[in-house]
Amino acid sequence: MGPNEPVAKYIGRARSIRDQLQAAGHAVDANSVVLAVLNGFPEQYSTMVTVLEAQSTLPSLEELQAKA
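Here's what I pulled together on the structure shown here.

**Considering the pattern of salt bridges**
Part 1: Here the structure, examined in full by the defined rule, presents three salt bridges.
Part 2: When the shortest N-O distance is used, the salt bridge between Arg13 and Glu5 registers 2.8 Å.
Part 3: Arg13 gets classed as partly exposed once you look at its relative accessible area, which sits at 39%.
Part 4: Here Glu5 falls in the buried class, since its relative accessible area comes to 13%.
Part 5: Notably, a salt bridge pairs Glu62 with Arg15, separated by 3.4 Å at the nearest N-O pair. One end of the pair, Glu62, is in helix α4 (residues 61-67); the other, Arg15, is in helix α1 (residues 7-23), with 47 residues separating them in the sequence.
Part 6: Looking at Glu62, the relative accessible area reads 44%, which means it is partly exposed.

Criteria and cut-off values
- Residues numbered from 1 in each chain as written.
- Predicted model: local features only at pLDDT ≥ 70, side-chain atom pairs only at ≥ 80, totals over all residues.
- Heavy atoms only, no water.
- Salt bridge = Lys/Arg side-chain N within 4 Å of Asp/Glu carboxyl O.
- Buried < 20%, exposed > 50% of the residue type's maximum accessible area, 1.4 Å probe, protein only.
- Helix = DSSP H or I, 4+ residues; strand = E, 2+ residues; numbered from the N terminus.

Right, here's the structure in full:
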């Protein structure tokens with residue numbers, strides 16, 4: 001996530017990359033995408049990231065955007 005980048009734009013970029021990979025014929029695991037997005041959040045989101053990673057199921061990108 002870039003400095004001063006809104007969460008919605010950051011997650012939108014992740015969706016776009018996921019879609020491009022799928023269009024190129026690569027299998028993309030939804031959890032892998034969410035984990036990559038969580039790892040890209042700045043330090044100010046560390047508590048939220050820790051809580052989400054500790055859950056038994058990860059949220060979708062859409063749910064993640066709503067929580068952030």
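From this point on, the discussion continues.
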